[in-house]
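Observations on the model geometry
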Amino acid sequence: MSSKRIVLALVVVAIGLVTMVEGARWLDRSFAFRSPLSEKAGVERLQQAPPTPREQALAEQAAREREEAQKKPYEEAEYRAFPVIGSRTAIWIVAQVKLLFAAFVLAVPMFALIIEFIGFRTKDVRYDRLAYEFVSLLSPAFALTAAFGGVLTFMLIILYPKFTNYLMSVFSPTFLPYVLLLFAEAAFFYTYYYSWGKVGKKTHLFLGVMLNLVGTGIMFIANAWLTFMTTPNGISENGAVLSVWEAVHNYTWMPINIHRMIANLAYGGSIAGAYAAYQFLNAKTPEERAHYDWMGYVANFVAIAGLLPLPFAGYWLASEIYAFSQTMGLTMMGGAFSWLFIIQAILIGCLFLAANYYLWMGMGRVDPEHRKRALIPLLLGVITLGFMVWATPRNPITTPAETAALGGAAHPILGFFGVMSAKNTSVNITILATFVSFILYRRSGKTPRVGWAKVGSAVQVVILLLAATIVISLGVIGYRVEAQVRIGLSVPQVLSVLFAMLLVTFLDVIMLRGAKSAETHWGRMPERSQYVLIFLAVTFTWLMGLMGYVRSGLRQHWHVYGIIRDTSPGAFTPTLGYATKVVSVCVLLFFAQIGFVFWLAALNHRKKVEPYGEVDEGDGGDGDEGTALATPEVAP
Amino acid sequence: MRVPVIVKIAGLTLGATAFYTWVGQLVPQKEVQPPQVVQMSQDIGTDEMVRIGDEIFHGKGLCSTCHTIGQGGAALRFPDLDGVAVRAANRVPGLDQLQYFAQTLYRPNDYIVPGFNPGMPEIDKPPVGLTDDEIKAVIAFLQTQGGEATITMATTLPYSKAAGGAGPGEMTADSGGEGAAAAGGEGGDAAAAPADGSAAERADGGDDA
């Protein structure tokens, strides 16, 4: 552009600005004196002629209202209404979407750091590149988390001013550390991201550790606020603060901290897996397919690694809720929210089935005809049975006539599967089956070189069978003992499964050390496997939304359970049908925005994928056995 | 025509979300309103109290969340209340039926039924927070489980506000009147609180209701 044109443009802009300002000033002057007649003659008439009776009455009314307004004392509003959907639903949606982003930005640094560390130790640059790509998803997600955090804070102050004020007065000592940690998180995150490859690796890993520590600290503080509302502590019966530390360290604070850390990992892994799937499906070259197949595998591994211990963290959380209030515990599991756990069972069943299906498809990367694939129907049967038992309600929905025909509210046979003894057993067996799927995948194409391999494998089978026998036996015993004993049986069930998983993994690691490995053909995955990854991400997100609802909804008509009552119009507990609709809205809002994040990240990375490994030319076709790359064993 | 990947992903996301929303519509739909104080006139009869107590038991009081009536077996987490009126009369030595019921509701952790864990909340305090009159109505309903309701609105229950929060052995004329200390009223067949305070010294109260 020539300098003349620039000068001309500046002059036009200047003239435009002056015209706008003068126009606004003229309007301002005019509006102040405009009469209903709006003509110059009318203005003169108003100035000269006496007011009409109507005008006089209006003026007197306005004066009276001004006087009354002056006399009115200041009153703090307890609640304000949000249009159309109401305050409760508005806060619910904003809080949930904010939480979904927050969980993602807390989770990704955790596994990115681990992957980066693996790359550092193994000197394999691909791990480093993968970790960087995971972290690159964070930058826009970080901004969205902060934006939603701001919206949530303002909406709480506007819509629930009195309660928000109370919460702020209880936790005032925690706000300054929280804000400082937010600044620290931003500093560590941007330094970690932008210094990648530009500072020493150890320094960079230190930055990653600090980012994780600070992020965890932020989550712990925020968890104190929300868990206090459900299981208040450190306050008198009237809500007066007795001890801020006790308010922080309430019954469910640490269980929620641990549960969220694990759940965030599983959820973050699933979202990163969806990103990899999105990239895989849009891949233009075999190298891209291979890279994003590997990325999807790693992300899914993280998600499943988080999913397996999650029920155990859930037990702890639930037991603390019962310890705080049996009424609340029973409202959760046997009262208003009991059917929510049937929905949860269906979601977790879908998660386990989809995750296993992805693992089974993954065996094709190494050896499509591997004999261990013969076990898949058996595993599918076990997981499906576990799913069915877990989703069986104690009391089915029946008409009075059907109830009479059944001889009671519970089905004479299926009713036995609706109690906790059966459900604890089924979830533990499902976890064991998923673990077996993972071990089978891990061993695909590997031939151990140690002399005791056969004995080792046999011992692994015995350990798994023993754990399954313990779990099933304790489940059966649970029907025959009194409540006090039965509740305690879930602990040995959980411990036997955990112990079996640890022992079998330990044996597997030492048995396969130095094993002969077949080539892993990254990219040789059917397209449907990538849609499974996306399905897993949607299901994880939906599950997060549902469980977020029950955690908060458990308070029912209380802001702070048993202490500060909710007297707003939204104090009722909505139907599960309504709740699931709100959860779906949150999920769709989140995916619309995370899709934008994926698109941005894709712009950044599409040209950075470099060829690695030798190309294994597939048949292309519909992608089921598409073009693939042969690489050395790179799976963790 | 090849469907663009982004359309397939959007379809899958919408489909999965719609499926879970649909599942949410299949389960029982119940909207739980915040409980309101049950307005009870002081001149209602025992039969009316039983009816109101039944409603509170299955609603505001949340009793039926934990307790069943007429479902025995090991699967119970809290005591089944079928025939509780008979058991209540002799459950704790020194406490008559009405005193025992009052103790189970106001001070549930003073006595735990063998084989069960503590867990019942103090029913006059949040989160349940029943009023004294509502508690009387619940007791009237419990008395009909294997017995006959005898409590009246004039009865002064131990631990209640009218009794100044005093237990069976601690009640005086000031805290509800000696004669009306426990059963009171025209229909009270339950004995008044022991004068020696023996019941008050017990630390193993009740958790039957």
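Residues numbered from 1 in each chain as written. Chains lettered and ligands numbered in written order. Predicted model: local features only at pLDDT ≥ 70, side-chain atom pairs only at ≥ 80, totals over all residues.

Our focus in this paragraph is the overall build of chain B. In terms of helices and strands, chain B carries seven helices and zero strands. Seen in sequence order, chain B has helices and strands lined up from the N terminus as α-α-α-α-α-α-α. The proportion of buried residues among the 209 residues of chain B is 44%. (Helix = DSSP H or I, 4+ residues; strand = E, 2+ residues; numbered from the N terminus. Buried ≥ 20, exposed ≤ 12 C-beta atoms within 10 Å, placed from the backbone.)

Okay, the overall build of chain A next. In terms of regular secondary structure, chain A is built from 22 helices and seven strands. Counting all 636 residues of chain A, 41% fall into the buried class. Contacts in chain A between residues far apart in sequence, at least 24 positions, make up 79% of those at least 6 positions apart. (Contact = placed C-beta atoms within 7 Å.)

Right, let's get into the interface of chain A and chain B. Contacts between chain A and chain B engage 50 residues on the former and 35 residues on the latter. Only α11 (253-281), α14 (326-333), α15 (340-362), α20 (483-511), α21 (527-553) and α22 (576-605) of chain A provide two or more residues apiece to the side of chain A that touches chain B. With nine residues, α22(A) is the largest single contributor of residues to the side of chain A that touches chain B. Classifying every residue of the side of chain A that touches chain B gives 30 nonpolar, 17 polar and three charged. (Nonpolar A, V, L, I, M, F, W, Y, C, P; charged D, E, K, R; others polar.)

Note that soluble globular proteins tend to have their nonpolar side chains buried in a common cluster. Residues and elements named next belong to chain A. Among the nonpolar cores identified, the biggest contains 160 residues, and V108, F134, L432 and L536 are the most heavily contacted of them. A per-element tally of this core places helix α4 (residues 87-122) first, with 19 residues. Ignoring sequence-local partners within four residues, the contact set of V108 consists of F134, V135, L137, L138, G268 and A272. (Core = buried A, V, L, I, M, F, W, Y, C linked by C-beta atoms within 7 Å.)

Put simply, chain B has an average pLDDT of 80, and 78% of its residues get 70 or more. ipTM for the predicted complex: 0.82, alongside a pTM of 0.80. (pLDDT = per-residue confidence, 0-100.)

For the rest of this paragraph, the subject is the environment of G24(B). Note on placement: G24(B) falls in helix α1 (residues 5-26). Remark: the alpha-carbon pair of G24(B) and I56(B), spanning 32 residues in sequence, is separated by 28 Å. G24(B) has contacts with I343(A), L576(A), G577(A), A579(A) and T580(A), leaving out every residue within four places of it along the chain.

Before going further, it helps to spend a moment on the domain arrangement of chain A. Residue and element names in this part refer to chain A. When the domains of chain A are assigned, the result is domain 1 (16-52), domain 2 (87-370 + 518-631) and domain 3 (377-443 + 446-515). Each side of the interface is counted separately: domain 2 has 17 residues, and domain 3 has 17 residues. Those elements that provide at least two residues to the side of domain 2 that touches domain 3 are α13 (310-324) and α15. Here the side of domain 2 that touches domain 3 gets 11 residues from one element, more than from any other, and that element is α15. The residue makeup of the side of domain 2 that touches domain 3, split by class, is 14 nonpolar, three polar and no charged. (Domains from an automatic or database assignment.)

Moving on, we get to unusual backbone geometry. Looking along the chain, the bond that leaves P126(B) and enters P127(B) is cis, with omega of 10°. Mapped onto the elements of the fold, P127(B) is located in the loop between α5 (97-106) and α6 (132-143). In the Ramachandran plot, K123(A) falls in the positive-phi region, its phi being about 60° despite a non-glycine side chain. Along the chain, the position of K123(A) falls in the loop between α4 and α5 (125-136).

Taking 1.5 Å per residue, 25 residues should reach 36 Å; helix α19 (residues 453-477) of chain A reaches 36 Å between its end C-alpha atoms and fits that length. Burial in α19(A) covers these residues: Q460(A), L464(A), A467(A), A468(A), V471(A), L474(A) and G475(A). (Expected span 1.5 Å × (residues − 1).)

Glancing now at the packing of α13(A) against α14(A). Each pair of packed helices gets described by two things: the angle between the helix axes and the distance between those axes. All names here are of chain A. Running from N to C, α13 and α14 cross one another at 135°; their axes reach a closest spacing of 5 Å. Relative to α14, the element α13 lies oblique. Note on element contacts: α14 touches α13 through Q326, M328, G329 and M332, opposite A318, I321, Y322 and F324. Its residues assigned to classes, the contact of α13 with α14 shows six nonpolar, two polar and no charged. (Axes fitted to C-alpha atoms, helices over the stretch in contact; angles between N-to-C directions. Parallel < 35°, antiparallel > 145°, perpendicular 65-115°, else oblique.)

So, about the packing of α4(A) against helix α9 (residues 201-230) of chain A. Residue and element names in this part refer to chain A. Between α4 and α9, the shortest axis-to-axis distance is 9 Å and the interhelical angle comes to 155°. Classified by the angle between their axes, α4 and α9 sit roughly antiparallel to one another. Handedness of the crossing formed by α4 with α9: left-handed. Mapping the contact onto sequence places L106, P109, M110, L113, E116, F117 and F120 in α4 and K201, L205, G208, V209, L211, N212, G215 and M219 in α9. (Left-handed = near helix turned anticlockwise from the far one by under 90°.)

To continue, consider the environment of A323(A). Along the polypeptide, A323(A) turns up in helix α13. Sequence spacing of A323(A) and I262(A) is 61 residues, and the spatial spacing of their C-alpha atoms is 22 Å.

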